[in-house]
Amino acid sequence: MLRFLFFTFALLAVCSVQAQAPSPAATVPAPMIAAQSYLLIDLTSGQTLVSVNAEERRDPASLTKLMTAYLAFAAIRDQHIAPSQMVKVSERAWRAEGSRMFIEPARAVSVGELLRGMIVQSGNDASIALAELVGGSEETFAQMMNREAERLGLKQTRYANATGFSHPEHYSTASDLARLAAAIIRDFAEFYPLYSLREYRYGNVSQYNRNRLLWSDPSVDGMKTGFTEKAGYNLISSAKRDSRRLLAVVLGAGSEKLRASESQKLLNFGFQFFEATRLYERNQTVARLEVWKGATREVKAGFAGDVFLTLPRGTREQLKVTLEKTQPLLAPITVGQRLGTVKVALDGRPFAEFPLLALEEVALGSWLSRTWDAARLWFK
């Protein structure tokens, strides 16, 4: 018998949401956060725990550099560039305003150094140098950023530069930024530790990471800060405690101190009041459904990934699951074909819906069996 079912997309969750689920925070009062827009996601299950103005367009400021980094990581993965590759610094990069790692035209710098300068020191000069290396020019690189944003499903995001300088055609949302941050964690796990570095020294200049949570919370291991006068103080933070990873996005806070404290509130809330449980394993059979006109009479159904559910603590026994299956199920059936919908209710209220998938193929049956089933279906 089917019991507690919930499908997780793990780190893919915020990038390709297929389930419809109200926030569990509807049953647990969320803390008041002093920011214009904010979001808290459990990346273990892909569920949104807190969301306020998450679809509102905001100035991302240096959170832009997450996309700059994503494209640089992709270029390394695809062997277009290498971390040890030396880069000649252009005058445009050298003259970049705002935060800098202090690269100079007279001294070549490696891709690895530029990545650290951009991620840890938030160097605009490093961002432009990487953009010029990968795209040929910052303008062309911005076009690449927009294409990648579209591919990742960032529907309310537009880039005009690689640094985050304010521009009328440069914007994003808390929701899109969460998708992007999760994509980095998912797609480039080997580079994600760069976001946990507290300090980086280039030349004779040492600069500290502006993410204060890296010092105050041992479970926080990334990700990025941002600030402009228009944007206010932004922070995306990620923390892992035991097997759970949460991602908090805070946009438009009033100060550097406040963006850190409000992000900490969100993370503590998520860890303290919610728990995530794996209920089913990938490809585990959770139902056997009747098949008509097939070589076999039934098909195994389940999920393509491990099944996790994030719930308010102590509420698991209040779950109720119903299965709505496609009727009739006619062969042929292919692996991954949707066979029905699993609906999850918590305390009598709708909580989530997920597709139930075929775990195996079912070929067409013989002419005789198909004819017999056709007759049975006609009378049924």
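Sequence order sets the numbering: in each chain, residues are counted from 1 along the sequence as written. With the structure being a predicted model, the display of local features is reserved for residues of pLDDT at least 70 and the display and counting of side-chain atom pairs for 80 or more, all residues being used for whole-chain, interface and lining totals. To obtain the side-chain values, all non-hydrogen atoms of the structure were used and water was disregarded.

**Some thoughts on the overall build of the protein chain**
Each helix and strand in the protein chain was counted, giving 9 helices and 16 strands. The C-alpha extent of the protein chain, read off along each of the three principal axes, is 85 × 45 × 35 Å. Counting only residues that meet the buried cut, the protein chain has 53% of its 380 residues in that class. In what follows, residue pairs with any heavy atoms lying within 4.5 Å of each other are defined as contacts. Within the protein chain, counting contacts between residues at least 6 apart in sequence, those at least 24 apart form 67% of the total. For the purposes of this entry, the term helix denotes a DSSP run of H or I that reaches at least four residues, the term strand denotes a run of E that reaches at least two, and both are numbered from the N terminus. Burial status follows relative accessibility: with a 1.4 Å probe on protein chains alone, a residue under 20% of its type maximum counts as buried, one over 50% as exposed, and anything between as partly exposed.

**Observations regarding the sheet that holds strand 8 (residues 232-241)**
Across the sheet, 5 strands lie side by side as 2-1-9-8-7; this open sheet has antiparallel pairing. Strands with a single pairing partner mark the edges of an open sheet, and in this sheet they are strand 2 (47-52) and strand 7 (220-228). Neighbour-to-neighbour, the strand axes of this sheet turn through a mean angle of 5°, independent of strand direction. Strands are treated as partners if at least two bridges between them are detected by DSSP. Pairing geometry for strand 1 (residues 37-42) and strand 2, over 5 bridges, is antiparallel. Bridge pairing in strand 2 links Leu39 to Ser51. Axis angles are defined between N-to-C directions and span 0 to 180 degrees, where every axis is a line fitted to C-alpha atoms and, for a helix, only to the segment in contact. Along the sheet, helix 6 (residues 174-187) contacts strand 1, strand 7, strand 8 and strand 9 (244-253); its crossing angle with strand 9, the most-contacted strand, is approximately 140°.

**What about the environment of Phe269?**
Here Phe269 lies in helix 8 (residues 256-273). For the pair Phe269 and Gly232, spaced 37 residues apart in sequence, the C-alpha separation works out to 23 Å. Excluding residues within four positions of it along the chain, Phe269 makes contact with Val28, Pro29, Ala30, Pro31, Leu40, Val50 and Phe274.

**A short note on helix 1 (residues 65-77)**
Each helix should span, by expectation, one fewer than its residue count multiplied by 1.5 Å. The first and last C-alpha atoms of helix 1 sit 18 Å apart over 13 residues, in line with the 18 Å expected at 1.5 Å per residue. For helix 1, the buried fraction is high: 12 of the 13 residues fall into the buried class. Residues of helix 1 that are buried: Lys65, Leu66, Met67, Thr68, Ala69, Tyr70, Leu71, Ala72, Phe73, Ala74, Ala75 and Ile76. Summarising the contacts, the buried residues of helix 1 are in contact with helix 3 (111-119), helix 4 (124-135), helix 5 (138-151), helix 6, strand 7 and strand 8. Positive backbone phi, at 65°, marks Gln79, one or two positions downstream of helix 1.

**Brief notes about the side chain of Asn234**
Here Asn234 shows up in strand 8. Under the rule applied, a polar contact is a pair of N or O atoms within 3.5 Å (in protein, one hydrogen donor and one hydrogen acceptor; residues adjacent in sequence only if both atoms are side-chain atoms). Within the local environment of Asn234, its side chain forms a polar contact with the backbone nitrogen of Gly252, the two atoms lying 2.9 Å apart. Residues contacting Asn234, with those up to four places away along its chain left out, are Asp59, Pro60, Ala61, Leu63, Lys224, Thr225, Gly226, Val250, Leu251, Gly252 and Arg259.

**Comments concerning the environment of Thr334**
Among the structural elements, Thr334 can be located in the loop between strand 14 (319-325) and strand 15 (338-346). For Thr334, a relative accessible area of 45% translates into the label partly exposed. Each C-alpha atom of the pair Thr334 and Leu359 lies 8.3 Å from the other, and the pair is 25 residues apart in sequence. Beyond its immediate sequence surroundings of up to four residues, Thr334 is in contact with Ala358, Glu360 and Glu361.

**Quick word on the packing of helix 1 against helix 4**
Relative to each other, helix 1 and helix 4 sit at 40°, their axes nearing to 10 Å. Considered as vectors, helix 1 and helix 4 are oriented oblique to each other. For the element pair helix 1 and helix 4, the recorded crossing hand is left-handed. Two secondary-structure elements touch here, helix 1 through Lys65, Thr68, Leu71, Ala72 and Ala75 and helix 4 through Asn124, Ser127 and Val134. We call Asp, Glu, Lys and Arg charged. Ala, Val, Leu, Ile, Met, Phe, Trp, Tyr, Cys and Pro are nonpolar, and the rest, Gly among them, are polar. A per-class count over the contact of helix 1 with helix 4 returns 4 nonpolar, 3 polar and 1 charged. In these notes the angle categories are as follows: under 35 degrees is roughly parallel, over 145 is roughly antiparallel, 65 to 115 is roughly perpendicular, and the rest is oblique. Crossing chirality is assigned from the near helix's rotation relative to the far helix, an anticlockwise turn below a right angle marking it left-handed and a clockwise turn marking it right-handed.

**What about the confidence of the model for the protein chain?**
Low pLDDT marks regions whose predicted coordinates should not be analysed in detail. Mean pLDDT over the protein chain: 90, with 93% of residues reaching 70 or higher. Known as pLDDT, the predictor's per-residue confidence is scaled from 0 to 100. In the predicted structure, residues 1-26 sits below a pLDDT of 50 and forms 89 contacts with residues beyond four places in sequence or in another chain.

**Focus on the sheet that holds strand 14**
On the basis of which strands lie adjacent, the open sheet formed by 5 strands has the order 11-12-16-15-14 and antiparallel pairing. This sheet does not close on itself; its edge strands, each paired only once, are strand 11 (287-290) and strand 14. Pairwise comparison of adjacent strand axes, ignoring direction, gives a mean angle of 35° for this sheet. Relative to strand 15, strand 14 runs antiparallel, the two being bridged by 7 bridges. Among the inter-strand pairings, Leu319 is bridged to a residue of strand 15, identified as Leu346.

**Section: the packing of aromatic side chains**
When two rings of Phe, Tyr or Trp (its six-membered ring) have centres within 6.5 Å they constitute a pair, described as stacked for plane angles under 30 degrees, edge-to-face for angles over 60, and tilted for the intermediate range. In this structure the tally under the stated criterion is 9 aromatic pairs. Where Phe188 meets Phe191, the ring centres are 6.5 Å apart and the plane angle is 50°; that geometry is what we call tilted. With respect to class, Phe188 is no different from Phe191; both count as buried. Ring-pair connections join several aromatic residues into one group, and the members of that group are Tyr70, Phe73, Phe188 and Phe191.

**Some points on the pairing of strand 1**
For strand 1, a buried count of 6 out of 6 residues is recorded, marking the element as mostly surrounded by other parts of the structure. Here strand 1 shows no split at all, with Ser37, Leu39 and Ile41 on one side and Tyr38, Leu40 and Asp42 on the other all buried. With 6 bridges connecting them, strand 1 and strand 9 associate as antiparallel partners. Counted as the bridge partner of Leu40 is Ala248 from strand 9. Hairpin remark: strand 1 followed by strand 2, antiparallel, with 4 residues in the connecting loop; positive phi at Gly46, about 85°.

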